[in-house]
Amino acid sequence: MNANFLQTPIEYLKGVGPNRADLLKKELGIFTFQDLIHLFPNRYLDRTKYYNISELQKTNADIQIKGRIIHLKTVEQKRGKRLVATFKDDTGQMELVWFRGIKWIRDNLKINESYVVFGKVNWFQNTFSMPHPEMELLSVHEKSLRSAMQPVYPSTEKLSSSGITNKVINTLMQQLFLDAQNNFEETLSEQVLNELKLIPKNRALFNIHFPENSELLAKSQYRLKFEELFYIQLQLIRKNLIHKSKIKGFPFPKVGAYFNTFFKDHLPFELTDAQKRVIKEIRSDLGSQAQMNRLLQGDVGSGKTIVAFMSMLIALDNGFQACLMAPTEILSVQHYNSLIEWCNSLNISISLLTGSTTTSKRREIHENLENGNLQLLIGTHALLEDKVKFKSLGLAIIDEQHRFGVAQRSKLWHKNISPPHILVMTATPIPRTLAMSVYGDLDISIIDELPPGRKDIKTVHRFDANRLKVFRFLKDEISKGRQVYIVYPLIQESEALDYKDLMDGYESVVREFPLPEYQVSIVHGKMKPADKDYEMDRFVKGETQIMVATTVIEVGVNVPNASVMVIESAERFGLSQLHQLRGRVGRGAEQSYCILMTSHKLTHDARTRLETMVRTNDGFEIAETDLKLRGPGDLMGTQQSGVLNLRIADIVKDSEILKIARSYAMQILKSDPRLTDPQNAPIKNTYAQLAKFRNIWNYIS
Ligand code: ADP
Ligand code: MG
């Protein structure tokens, strides 16, 4: 079937017309024949079985019965009329009942002819009755394309109240299949079909809408899910390949004195295998002709900083500059402080540029960047300002990428004639399946190993009623010289209340931990930045033992001496937030703790989140659970949900199919990048049509 047929506007289908077409467009986004064919059922009703009236039970399942109407009467009742039919088969009698549309039904029902009725059965006044059954003459039923497994299509209130019932959709689908003469173009190559034993497109489309049996239905679902995921992967991977062939990066052919000296003489610790592997991946990117566009994932504390530093050394070895951008001032300062010693030992010039950099210092930085005297620049968004011009920016590293938008990332590109290599680092693990779908066009490196000797953080769940015990535990830890975070939720919708909770909490902490023995800091979003910094600073220096805060500390501060994280109202936090918060402790040599405080009222999901936190420290496991609880749309935010708007596949449930689809897409593009092999013609055609009719793939820089 050619593409033109499939692109026919839906109003041209027999039985549709302008009114229904309007509804189908508005309610289901069905504009063309193709859209209707791709309206896949949510579920199927098993209509393989016909019940005898004598074996009816008081269940609420939908069932079907063959029989005849032997009598029809209208019953007056207080509020309106009802139409009651006596329905009979060889084993007994029951009633069919209508409250609406009585006249039409009365005029159209045929007495004494065989019908199949379908619906829910009630037990009422000692008889079984079926209100508003779906009815079909047995003679029609037997000829119908509709099969035993009856599809249930997505619908809306508006559709069903306007008479576009499931049955109507089904009839339209039949009409469409008749018009198409079951002649849909194959979209996969022989080779893929054979190797994966997939059923042909025609067969799959037919069986998804009119299943011949459950085995064929399962095969159809598999084939269509594979196809959907395969084309997404094909587009993502192709985009990546085109990017690599079109956008030349600066080739950094050599690993020189900076890198080697650091590696030989100044390495502060032995790198983990994961760190070594990732550095190798980055080195190979930087050495190639193409611009690097890599995502580095590694849990909090997995040691991304040194990987970033050594990557920057490669840029420097090749005569280029590098920059590292972090989302907050505090984080940039920390990065700067950890890098400056290494830089000094290697004689590398490094500067820090943030919102609070003085004008004169700023001017000096701008100048030295442009004349090339400054090799490394660390900072915040301030790096993105137009005045910041590099002589030769070779590598830009972005920490904690979810805080920066895509637009900001692309701004870094324009700092040069050629785009620099880009490495994005994130501590929020993205489940592999999601990463494959959403970041499928980026290259991904993963640090999946913590440095040795790190003690797992002990996590417990405590109810508010046990607060005194928790306070006693905190006092013990503080007496050993440790520091403590106490974090309160702050959610926009309930901001006023949340602030009240925070202040109440702060007061009770101050009461419980009085001066002069204890010093308590507080940090929240309503404070002036200068006050915030002052309080943070006191805590970082160890002048205060307790930091009461809202989630402002979520990102990246490093206070190795802080060993206890208390999270208040933990049931209100999402899993990834809880995990991020917990990552603030466990940075020193001491045993660290995370205490999740909650009320007794917990939803099922909240319970799952808490149990997951208590059970594991593994960020990837937590991310997978989070994905299952929240679904992909929520996890990624609305920005990218379009990509995940799948018609039939589900990236959580179908992750196995996704992996196969990705590896096939990769294999095919590797051996036939332009899809010129005649064998791949069906793939090439489908790909071209997708590109023509839908273009949602430019969501990432
Ligand atoms: P993150 O991935 O959260 O940015 P960091 O780079 O800040 O992690 O590293 C966390 C801590 O672990 C730092 O104190 C760092 O010096 C230390 N570290 C990193 N890698 C290693 C290693 N291979 N062996 C021992 N300690 C390491
Ligand atoms: Mg970090």
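Caption draft 1: Inspection of the overall build of the protein chain at higher detail. A tally of helices and strands in the protein chain yields 25 helices and 22 strands. The C-alpha extent of the protein chain, read off along each of the three principal axes, is 100 × 70 × 40 Å. A total of 701 residues make up the protein chain; the buried ones form 52% of that total. In the protein chain, once contacts between residues fewer than 6 apart in sequence are set aside, the share between residues at least 24 apart is 73%. Here the protein chain displays about 33,300 Å² of accessible surface, and carbon together with sulfur accounts for 50% of that area. The averaged location of the 79 negative side-chain charges in the protein chain is 4 Å from the averaged location of its 91 positive side-chain charges.

Caption draft 2: Local environment of the sheet that holds strand β7 (residues 127-131). Taken in spatial order, the 7 strands make up an open sheet running β6-β7-β4-β3-β2-β5-β8, and their pairing is mixed. Two strands close off the open sheet at either side, each with one partner strand: β6 (122-124) and β8 (134-137). Neighbouring strand axes in the sheet, compared pairwise and without regard to direction, differ in orientation by 45 degrees on average. Of the strand pairs in this sheet, strand β2 (residues 62-76) and strand β3 (residues 81-89) are connected by 8 bridges, and their pairing is antiparallel. The residue of β3 that forms the bridge with T74 is L83.

Caption draft 3: How the structure looks around the nonpolar core. One finds F226, L229, F230, L234 and L377 to be the most contacted residues of the largest nonpolar core, which totals 50 residues. Considering each element in turn, this core owes the most residues, 8 residues, to helix α10 (residues 214-246). When residues no more than four places from it in sequence are discounted, the contact partners of F226 are L188, V192, L196, L198, I657, I660, A661 and Y664. With 40 residues, the next largest nonpolar core counts F252, L296, A322 and M425 among its residues.

Caption draft 4: Up close: the site of ligand 1. Every one of the 14 residues lining ligand 1 counts as a neighbour, but E270, G301, K304, T305 and R454 are closest to it. At 3.1 Å, a backbone N or O of G303 approaches an oxygen atom of ligand 1. The protein chains hide 75% of the 570 Å² of surface that ligand 1 would expose on its own. Looking at the shell around ligand 1 residue by residue, the classes come out as 4 nonpolar, 6 polar and 4 charged.

Caption draft 5: Structural context of the confidence of the model for the protein chain. Scored by pLDDT, the protein chain comes out at a mean of 87, with 92% of its residues at no less than 70. Across residues 637-642, confidence stays below pLDDT 50; counting only partners more than four residues off in sequence or on other chains, it has 7 contacts. Scored below 50 in pLDDT, residues 694-701 shows 22 contacts in the model against residues more than four places distant or in partner chains.

Caption draft 6: Spatial organisation of the packing of aromatic side chains. Under the criterion given, the structure shown has 19 aromatic pairs. Consider the rings of F177 and F210, whose centres lie 5.3 Å apart with planes at 90 degrees: the pair is edge-to-face. With a gap of 33 residues between them, F177 in helix α7 (residues 166-180) and F210 in the loop between α9 (201-209) and α10 connect regions that are remote in the sequence. Each member of the pair, F177 as well as F210, is classed as buried. When the ring of Y485 is compared with that of F539, the centres are 5.2 Å apart and the planes differ by 55 degrees; the resulting orientation is tilted. Taken as a pair, Y485 in strand β18 (residues 483-487) and F539 in helix α20 (residues 529-540) lie far apart in primary sequence, 54 residues in all. Accessibility assignment for this pair places Y485 and F539 in one class, buried. Following the ring pairs from residue to residue traces out a cluster consisting of F177, F184, F206 and F210.

Caption draft 7: Molecular detail of the sheet that holds strand β10 (residues 293-298). Reading across from one edge, β12-β13-β11-β14-β15-β10-β16 is the order of the 7 strands in this open sheet, with parallel pairing throughout. Looking along the sheet, the strands with just one partner apiece sit at the ends: β12 (350-353) and β16 (443-447). The average angle at which neighbouring strand axes cross in this sheet is 20 degrees, direction not considered. Two elements, β10 and strand β15 (residues 421-426), share 5 bridges in a ladder whose sense is parallel. Bridging across to β15, L296 finds its partner in M425. Each of β11 (321-325), β12, β13 (376-379) and β14 (393-399) touches helix α14 (residues 329-346); the most contacted strand, β12, lies at about 170 degrees to it. Across the sheet, helix α15 (residues 359-371) lies against β11, β12 and β13, angled at about 130 degrees from β12, the strand it touches most.

Caption draft 8: Focus on unusual backbone geometry. Following L515, the chain continues to P516 via a peptide bond in cis, the omega torsion being -5 degrees. Within the element layout of this structure, P516 appears in the loop between α19 (495-512) and β19 (520-523). Within the chain, N112 stands out as a residue other than glycine whose phi angle is a positive 70 degrees. With respect to the helices, strands and loops of the structure, N112 is situated in the loop between α4 (102-108) and β5 (114-120). In this structure, K197 is a non-glycine residue whose phi angle is positive, near 50 degrees. Assignment of secondary structure puts K197 in the loop between α8 (190-196) and α9. For K197, a relative accessible area of 71% gives the class exposed.

Caption draft 9: Fine view of the pairing of β7. Inspection of the sheet shows strand β4 (residues 92-98) paired to β7 by 3 bridges, in the parallel sense. Looking across to β7, one finds that V97 is bridged to P131. Here 3 bridges tie β6 to β7, and the two strands are oriented antiparallel to one another. Following the sheet pairing, F124 is matched in β7 by T127. Counting the residues that bridge the hairpin from β6 to β7 gives 2 residues, and of these Q125 lies at a positive phi of roughly 50 degrees.

Caption draft 10: Summary view of the side chain of E535. Assignment of secondary structure puts E535 in helix α20. For E535, the contacting residues outside a window of four places in its chain are V520, S521, I522, V523, M527 and M547.

Caption draft 11: Summary view of α20. With 12 residues, α20 should reach 16 Å at 1.5 Å per residue; the first-to-last C-alpha distance of 16 Å fits that figure. Listing the buried residues of α20 in full gives E535, M536, R538 and F539. In an axial view of α20, the angular spread of the buried residues amounts to 160 degrees, which keeps them on one side of the axis. Of the exposed residues in α20, the ones pointing more than 90 degrees away from its buried face are P529, A530 and Y534. Turning to α20, the residues buried within the fold contact α14, β18, β19, β20 (546-549) and β21 (562-567). Looking one or two places after α20, you find G542, whose phi comes out positive at around 85 degrees.

Reading the values: rules and limits
Residues numbered from 1 in each chain as written. Chains lettered and ligands numbered in written order. Predicted model: local features only at pLDDT ≥ 70, side-chain atom pairs only at ≥ 80, totals over all residues. Heavy atoms only, no water. Helix = DSSP H or I, 4+ residues; strand = E, 2+ residues; numbered from the N terminus. Buried < 20%, exposed > 50% of the residue type's maximum accessible area, 1.4 Å probe, protein only. Contact = heavy atoms within 4.5 Å. Areas by Shrake-Rupley, 256 points an atom, 1.4 Å probe, with all protein chains shown as cover. Lys, Arg positive; Asp, Glu negative; His and termini not counted. Charge placed at Lys NZ, Arg CZ, Asp CG, Glu CD. Pairing = 2+ DSSP bridges. Axes fitted to C-alpha atoms, helices over the stretch in contact; angles between N-to-C directions. Core = buried A, V, L, I, M, F, W, Y, C linked by side-chain atoms within 4.5 Å. Near = heavy atom within 4 Å. Polar contact = N/O pair within 3.5 Å; in protein donor to acceptor, adjacent residues only side chain to side chain. Nonpolar A, V, L, I, M, F, W, Y, C, P; charged D, E, K, R; others polar. pLDDT = per-residue confidence, 0-100. Phe/Tyr/Trp six-rings, centres within 6.5 Å; stacked < 30°, edge-to-face > 60°. Expected span 1.5 Å × (residues − 1). Arc of directions from axis to C-beta.

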